[in-house]
Amino acid sequence: MKRLDCLKLLAAMVDPHMLTVTSLSSNTAFWSDLRREGASFFGCNMGLCIPFALGLTAAFPKRKVIALDSDGSLMNDTSSLITLADVDPPNFVAIVMDNGSYARMGSTFTTRKTDLEKIAQGAGIANTATVRSEEAFSAAARQALESTGPHFIVAKVEPDRVRVKGDPHRTYGRFMREMFADAVRRHPDYQQARK
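Residues numbered from 1 in each chain as written. Predicted model: local features only at pLDDT ≥ 70, side-chain atom pairs only at ≥ 80, totals over all residues. Heavy atoms only, no water.

Participant: When you look at the pairing of strand E1 (residues 19-23) in this model, what are you seeing that I'm missing?
Facilitator: A regular strand places its side chains so that they alternate between the two faces of the sheet. Of all the five residues making up E1, five are buried; the element is thus mostly covered by neighbouring parts of the structure. Of the two faces of E1, the one carrying Leu19, Val21 and Ser23 and the one carrying Thr20 and Thr22 are both buried. Bridge analysis of E1 against strand E3 (residues 65-70) gives four bridges, and the strand direction is parallel. If you follow Val21 over to E3, its bridge partner there is Ala67. As defined by bridge partners, E1 adjoins strand E2 (residues 40-44) across three bridges and the pair is classed as parallel. Paired with Thr20 across the strands is Ser40, a residue of E2. Taking the sense of rotation as the criterion, the β-α-β connection linking E1, helix H2 (residues 26-34) and E2 turns out right-handed. (Buried < 20%, exposed > 50% of the residue type's maximum accessible area, 1.4 Å probe, protein only. Helix = DSSP H or I, 4+ residues; strand = E, 2+ residues; numbered from the N terminus. Pairing = 2+ DSSP bridges. Right-handed = clockwise from strand over helix to strand, strands pointing away.)

Participant: Which parts of the structure should I look at to understand the nonpolar core?
Facilitator: When a protein is soluble and globular, its nonpolar side chains tend to lie buried together. Leu10, Ile95, Phe137 and Phe152 are the most contacted members of the largest nonpolar core, which has 54 residues in total. With six residues, strand E4 (residues 92-98) is the largest single contributor of residues to this core. For Phe137, the contacting residues outside a window of four places in its chain are Met1, Cys6, Leu9, Leu10, Ile95, Met97, Val131 and Ala155. (Core = buried A, V, L, I, M, F, W, Y, C linked by side-chain atoms within 4.5 Å. Contact = heavy atoms within 4.5 Å.)

Participant: Mind showing me how you'd approach the side chain of Ser32 here?
Facilitator: Relative to the elements of secondary structure, Ser32 occurs in helix H2. In terms of polar contacts, Ser32 uses its side chain to reach the backbone carbonyl oxygen of Ala29, at 3.0 Å. (Polar contact = N/O pair within 3.5 Å; in protein donor to acceptor, adjacent residues only side chain to side chain.)

Participant: Would you explain helix H1 (residues 3-11) in this entry?
Facilitator: Helical geometry note: an α-helix holds 3.6 residues per turn, so side chains three or four residues apart project in the same direction. Turning to H1, its buried residues number three or more, namely Arg3, Cys6, Leu7 and Leu10. The arc that holds the buried residues of H1, viewed along the axis, is 95 degrees, so those residues lie on one side. Along its buried surface, H1 packs onto H2, E3, E4 and helix H7 (134-146). (Arc of directions from axis to C-beta.)

Participant: I'm lost on the packing of aromatic side chains in this one. Help?
Facilitator: Here a ring pair, both rings aromatic, is described through the centre-centre distance and the interplanar angle of the planes. Scanning the model with the defined rule gives three aromatic pairs in all. For the ring pair Phe52 and Phe180, a centre distance of 6.3 Å and an interplane angle of 55 degrees mean the geometry is tilted. Taken together, the positions of Phe52 in helix H3 (residues 49-59) and Phe180 in helix H9 (residues 173-185) put the pair 128 residues apart, joining distant regions of the chain. Since its relative accessible area comes to 30%, Phe52 is described here as partly exposed. The exposure class of Phe180 is buried, given its relative accessible area of 10%. Taken together, the ring pairs in this structure connect Phe41, Phe52 and Phe180 into an aromatic cluster. (Phe/Tyr/Trp six-rings, centres within 6.5 Å; stacked < 30°, edge-to-face > 60°.)

Participant: Sorry, what's going on with the environment of Asn45 here?
Facilitator: Examined against the element boundaries, Asn45 turns out to sit in the loop between E2 and H3. The spacing of Asn45 and Asn76 is 31 residues in sequence and 9.8 Å in space, taken between C-alpha atoms. Aside from chain neighbours lying at most four places away, what touches Asn45 is Leu24 and Ser73.

Below, the structure is given as structure tokens:
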């Protein structure tokens, strides 16, 4: 199963009012091409994707917030799963693309003994899944987007064969942050979030 194929399936399910956050991985490049409309914050540093998205769930409780994380990133701050379980936001969906690889720098612990779904379960997250096919990914993502959460999905994907960078002006830095802030301000419930 390939990351890009999974993200294409997800893009077809995500509406313009859902908020998305990506880790600093191929998720950023692929998702920025697939999702041109809506509020997306791209390229959170390792370990920050889930915490940043969790903050958005509090600010926008009526909107689904999707964290598109990666195995290497999440393993830098698995303690965020404890906070996620404790806060228990009904509008949160975490999808972790587990390719068992730190880009081209070597394998992650998920190629050996580490099981991210079990870590999430141990933290207290009830709705978890590990998927290994596009069909299973599509079903798990749809269920997560259509029901209350939090949800935690590990997608076992192939390592990316080439490094994908994406548009640096759209996915990183000040311009990206301004685009995200502008998209958030256009949300119908933005004024409520400011109170």
